[in-house]
Amino acid sequence: MSFAQPNPAPIAALAHDRAAVMAELRRLIPRMGEQRKPLPFGLAAIDSHLPDGGLACGALHEVVPAAEGCVAAAFGFIAAVLARLAYPLLFVMPAYGLRPYRPHGRLHGHGLNALGLDPARLILVETTHRKETLWAMEEAVRSAVPAAVVGLIDTLDLKTSQRLHLAATEAGLPVFLLRPAPTLESSAAATRWRIGTAKAARDRFGLVTQPRWHLQLERCRNGRPGQWVVEYDHVAHRFSLAAALADFSRVRGAGEKSIKQAS
Amino acid sequence: MNAAAEAAGLATGDLLADARAKAEFLQVRDADPAADDAALRRLALWATRYTPTASPLCRDLWNEDNGADGFFLDITGSAHLFGGEEKLLADLAARLQKNFGLSARLAVAATPGAAWALSRFHQTPLFVLPSGQEATALAPLPIAALRLKPETRSVLRRLGFKTVGSLLDKPRAPFAARFPTELLRRVDQALGRIDEPLVPVVAPPVYHALRYLIEPIFTHDAIIAHANRLMQTLVHVLTRDDVGARALRLCLYNVDGAVETIDIGLTLPTRNVSHVARLIELKLEALAATCDAGFGFEAIGLAVTCAEPMPARQTELTPSHPSPASGGGSGWGDGDRTERCAALIDALRQRLGPHSVRRFAPEASHLPERAEVLPPIDGEATAWPEAEQNPRPLLLLPHAEPAEDVTALVPDGPPRRFSWRGVTYDITGAQGPERIAGEWWRHREPKPTRDYYLVEDSAGHRFWLFREGLYGRETAQAQWFVHGLFA
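Residues numbered from 1 in each chain as written. Chains lettered and ligands numbered in written order. Predicted model: local features only at pLDDT ≥ 70, side-chain atom pairs only at ≥ 80, totals over all residues.

Thoughts on the overall build of chain B
So, point 1. The helix and strand tally for chain B stands at 14 helices and 18 strands.
So, point 2. Looking at chain B as a whole, 32% of its 487 residues qualify as buried.
So, point 3. A fraction of 54% describes how many contacts in chain B between residues 6 or more apart in sequence connect residues 24 or more apart. (Helix = DSSP H or I, 4+ residues; strand = E, 2+ residues; numbered from the N terminus. Buried ≥ 20, exposed ≤ 12 C-beta atoms within 10 Å, placed from the backbone. Contact = placed C-beta atoms within 7 Å.)

Description of the overall build of chain A
So, point 1. Of regular secondary structure, chain A possesses 9 helices and 10 strands.
So, point 2. For chain A, buried positions account for 45% of its 263 residues.
So, point 3. Taking as baseline every contact in chain A between residues at least 6 positions apart, the subset at least 24 positions apart corresponds to 66%.

Let's talk about the interface of chain A and chain B
So, point 1. Across the boundary between the two partners, chain A contributes 61 residues, which contact 52 residues of chain B.
So, point 2. Those elements giving two or more residues to the side of chain A that touches chain B turn out to be helix 5 (71-82), strand 3 (106-107), helix 6 (109-114), strand 4 (122-127), helix 7 (130-143), strand 7 (191-202), strand 8 (208-220) and helix 9 (248-262) of chain A.
So, point 3. Along the lines of polarity and charge, the residues of the side of chain A that touches chain B split into 35 nonpolar, 15 polar and 11 charged. (Nonpolar A, V, L, I, M, F, W, Y, C, P; charged D, E, K, R; others polar.)

Concerning the environment of V175(A)
Residue and element names in this part refer to chain A.
So, point 1. Mapping V175 onto the fold places it in strand 6 (residues 174-178).
So, point 2. Distance in space between the C-alpha atoms of V175 and G58 is 7.4 Å, their sequence separation being 117 residues.
So, point 3. Apart from residues lying up to four places away in sequence, V175 is in contact with L60, H61, M137, V141, V149, L164 and A168.

Quick word on the nonpolar core
What tends to happen in soluble globular proteins is that the nonpolar side chains get buried as a cluster.
So, point 1. A74(A), I78(A), L394(B) and L465(B) are the most contacted members of the largest nonpolar core, which totals 173 residues.
So, point 2. For this core, the element with the most residues is helix 5 of chain A, which contributes 11 residues.
So, point 3. Sequence-distant contacts of L394(B), that is, excluding residues within four places in its chain, are made with A72(A), F75(A), G76(A), A79(A), L107(A), H108(A), G111(A), L112(A), L115(A), L485(B), F486(B) and A487(B). (Core = buried A, V, L, I, M, F, W, Y, C linked by C-beta atoms within 7 Å.)

Points about the sheet that holds strand 12 (residues 395-402) of chain B
So, point 1. In space, the 8 strands of this open sheet follow the order 3(A)-12(B)-18(B)-17(B)-16(B)-15(B)-14(B)-13(B), with antiparallel pairing throughout. Because the sheet does not close on itself, it has two edges, and the strands there are strand 3 of chain A together with strand 13 (404-408) of chain B.
So, point 2. The pairing of strand 13 of chain B with strand 14 (residues 415-420) of chain B spans 3 bridges and is classified as antiparallel. By the bridge assignment, E404(B) is partnered in strand 14 of chain B with S419(B). (Pairing = 2+ DSSP bridges.)

Notes on the environment of A188(A)
So, point 1. Tracing the sequence through the fold places A188(A) in the loop between strand 6 and strand 7.
So, point 2. In contact with A188(A), other than residues within four places in its own chain, are L60(A), L158(A), S161(A), Q162(A) and H165(A).

Remarks on the packing of helix 6 (residues 112-121) of chain B against helix 11 (residues 182-191) of chain B
All names here are of chain B.
So, point 1. Packing of helix 6 against helix 11 leaves a shortest axis separation of 5 Å and a crossing angle of 90 degrees. In terms of orientation, helix 6 lies roughly perpendicular with respect to helix 11. Along its contact with helix 6, which presents G113, A114 and A117, the element helix 11 presents R186, Q189 and A190.
So, point 2. Its residues assigned to classes, the contact of helix 6 with helix 11 shows 3 nonpolar, 2 polar and 1 charged. (Axes fitted to C-alpha atoms, helices over the stretch in contact; angles between N-to-C directions. Parallel < 35°, antiparallel > 145°, perpendicular 65-115°, else oblique.)

A few points about the environment of G54(A)
Residues and elements named next belong to chain A.
So, point 1. Along the polypeptide, G54 turns up in the loop between helix 4 (44-47) and strand 1 (59-65).
So, point 2. In this structure the C-alpha to C-alpha distance between G54 and P38, which are 16 residues apart in sequence, comes to 5.0 Å.
So, point 3. If sequence neighbours within four positions are ignored, G54 has contacts with P38, L39, P40, F41 and D47.

What to know about helix 13 (residues 273-287) of chain B
Two residues of an α-helix separated by three or four positions point the same way, owing to the 3.6 residues in each turn.
So, point 1. Here helix 13 of chain B spans 21 Å end to end across 15 residues, near enough to the 21 Å set by a 1.5 Å rise per residue.
So, point 2. Taken as a whole, helix 13 of chain B has its buried residues at V276(B), L279(B), I280(B), L282(B) and L284(B). (Expected span 1.5 Å × (residues − 1).)

So, the confidence of the model for chain A
So, point 1. Averaged over all residues, the pLDDT of chain A is 79; the fraction at 70 or higher stands at 78%.
So, point 2. The model gives residues 244-263 of chain A a pLDDT under 50, and that stretch makes 22 contacts with residues more than four places away or in other chains. (pLDDT = per-residue confidence, 0-100.)

What to know about the pairing of strand 5 (residues 148-152) of chain A
Residues and elements named next belong to chain A.
So, point 1. With 5 of its 5 residues buried, strand 5 lies for the most part within the structure.
So, point 2. Here strand 5 shows two buried faces, one formed by A148, V150 and L152 and the other by V149 and G151.
So, point 3. Note that strand 5 and strand 6 share 4 bridges and pair parallel. Bridge pairing in strand 6 places G151 opposite L177.
So, point 4. Read as a crossover between parallel neighbours, the route from strand 5 over helix 8 (residues 158-171) to strand 6 is right-handed. (Right-handed = clockwise from strand over helix to strand, strands pointing away.)

Quick notes on unusual backbone geometry
So, point 1. Look at A144(A): it is not a glycine, yet its phi comes out positive at around 60 degrees.
So, point 2. Among the secondary structure elements, A144(A) is positioned in the loop between helix 7 and strand 5.
So, point 3. Backbone geometry places R147(B), a non-glycine residue, at a positive phi of 60 degrees.
So, point 4. Note on placement: R147(B) falls in the loop between helix 7 (134-138) and helix 8 (150-159).

Here we look at the sheet that holds strand 6 of chain A
So, point 1. Read from one edge of the open sheet, 10 strands run 10(A)-9(A)-8(A)-7(A)-1(A)-6(A)-5(A)-2(A)-4(A)-9(B), paired in mixed fashion. In the strand order of this sheet, the two ends are held by strand 10 (238-241) of chain A together with strand 9 (357-358) of chain B, each with one partner.
So, point 2. Sheet topology places strand 1 of chain A next to strand 6 of chain A; 5 bridges connect them, and they run parallel. Of the residues in strand 6 of chain A, the one forming a bridge with A59(A) is P174(A).
So, point 3. On the sheet, helix 5 of chain A packs against strand 1, strand 2 (89-94), strand 5, strand 6, strand 7, strand 8 and strand 9 (226-233) of chain A and is oriented at approximately 150 degrees with respect to strand 1 of chain A.

Comments concerning helix 11 of chain B
Residues and elements named next belong to chain B.
So, point 1. Turning to helix 11, its buried residues number three or more, namely L183, R186, V187 and A190. Down the axis of helix 11, the buried side of the element spans an arc of 100 degrees, and every buried residue falls inside it.
So, point 2. On its buried side, helix 11 packs onto helix 6, helix 7, helix 8, helix 9 (164-168) and helix 10 (172-178). (Arc of directions from axis to C-beta.)

Let's talk about the pairing of strand 14 of chain B
Residues and elements named next belong to chain B.
So, point 1. In this antiparallel pair of consecutive strands, strand 13 and strand 14, the connection spans 6 residues.
So, point 2. Pairing of strand 14 with strand 15 (residues 423-436) involves 4 bridges; the strand directions are antiparallel. Across the sheet, residue F418 finds its bridge partner in strand 15, namely Y425.
So, point 3. Where strand 14 folds back on strand 15, the antiparallel hairpin that results is connected by 2 residues, among which R421 adopts a positive phi of roughly 55 degrees.

So, in structure tokens, the structure goes:
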């Protein structure tokens, strides 16, 4: 039993000095804190609901469109969150033409560009079935090359999600799963977001300036659920709360009024 | 014709009725040149175990009139691996007999022409001609040994030339005047006065390593272990020449003569043994269903088919699992990241197919469906222009889908209501139009102009709609289409 056991003498000597022990531990676990730095939204209202004040890196996050027509909004939310990351991003998605994904069309580079995500930084991986998608995601996560991995998955059992979550934790990468709305099993994901559409922010000429989404944090490990209407500024890569957030109906009414004024 | 037919006295060129009379139980099949070529090609592929440059005498490669019934091997520099040319010939003949049941006639000579002639017309089936003696060796052989057209041969026979020797000591000028260039070219080729390049069955590799196994191997692990060692030998050469492999080919020679080839493409030049071994492993996994080890593999070859310059770099000191970077500022060099990114792309590609890993690239076009392409990743990304002022949807439908029941207040205005895929949307706000004209320089029939609108319905869904055709000028009944969805 002598191996792997640290020499007790120095530890005992240090035990008197708590700060020294902490320093020693920090030295022994290098870059731990730096690696796990979460991704903040920059919005106190949302960040206070999340553990450590942001979306955890090294965790699995599920993003679910609130309804069939909200797929684009869910994509937009993911793109907005990822736009601030610096390194290549990996999108794993079934090749276009596979049935469940057919109606939504495919990602448009100029549209990503308009959301502030440089399409040149995106690596698209096309797969032919779910098993390949999972394999490709895990491979990418374990390599720790991309800054984030996004995948489109229709069904996912608990064990597979645990496996993905574990891989994400080891590599310290955020992994996003875009799930179609109706099927939701229990999963190991740290957060589950439900994304709905909301009327866009318009300027005084009635032109759309910033997209707005209705975010619902449905599940959050070590955090609190909540819901907000946010708007996203693609130039500054910044989220902000859309007007009076608590009263969703008022937001809707306000948007209609401004459009009426414009038209 | 097989040996039994020859024993019965049959010869090529006999009439079928005569042949039937000579041999009662004759089985007749139509000649199938394409199948012959394919078989010969497989045989030549098998023969790459002796040398990388094997050239089957297929019709499409050589266009020979004299029978597509053999292959050339360029054994320059590889004969010593088998203990000399005689031993190589003996080994080749034995294996052809054992694996394929072929009794071959083989000859080694300094020129393809001389080897062709000697293999067919020399008394001994296995013959090695020392370099420089082509003229004396060829002299007693018949004119047919020169690979001439039948017409040329019959003219020469009428003129009284029976052997090659009788041609060699004659002055060249009368022949050049009397015959097409073919005759003198063939003579020169046989004697090595002009070069005759071989057309290889597979592109000859730049670097090549081959290993013969005492016992046949079956398992993936064994294949990978041997490939690993082959790559290690190649790495020395690659490092010496400051190049890295961009494409590799693994050849597995089955005991029964079949050859499995596995091609591996790489995004960046590499000399990394473990990376290559991993790619081979992925490919073998994907092939496991179709690839059959059969009696096992008796030889294994790894070839670099494409090499690119790659400056030497120190790699050993970098840790294997650097920290992932979130939000920039990682401590690792860009070169290392690019390399690991390329490794990831290679791995994904090996398993999912060569076209599965893509990237967006902009195209100079105003039509949304033509404004970008998704090429497989190769090298550096093309930079994207600044985002457009006009709105662009996040999701683009591959084909614009017609919108039905469109109501607009004025014909030229934005729609107030439309239905798409069975759902009716009431539009509360619209923005546009953005007019995009058809590309008249690409189509003879000009495509109609499109007016794009960003519309938003009462629930906040945002669509990209367009009206096709200008009223009055292009159409009387404009059609509406849904082309994209905004985030």
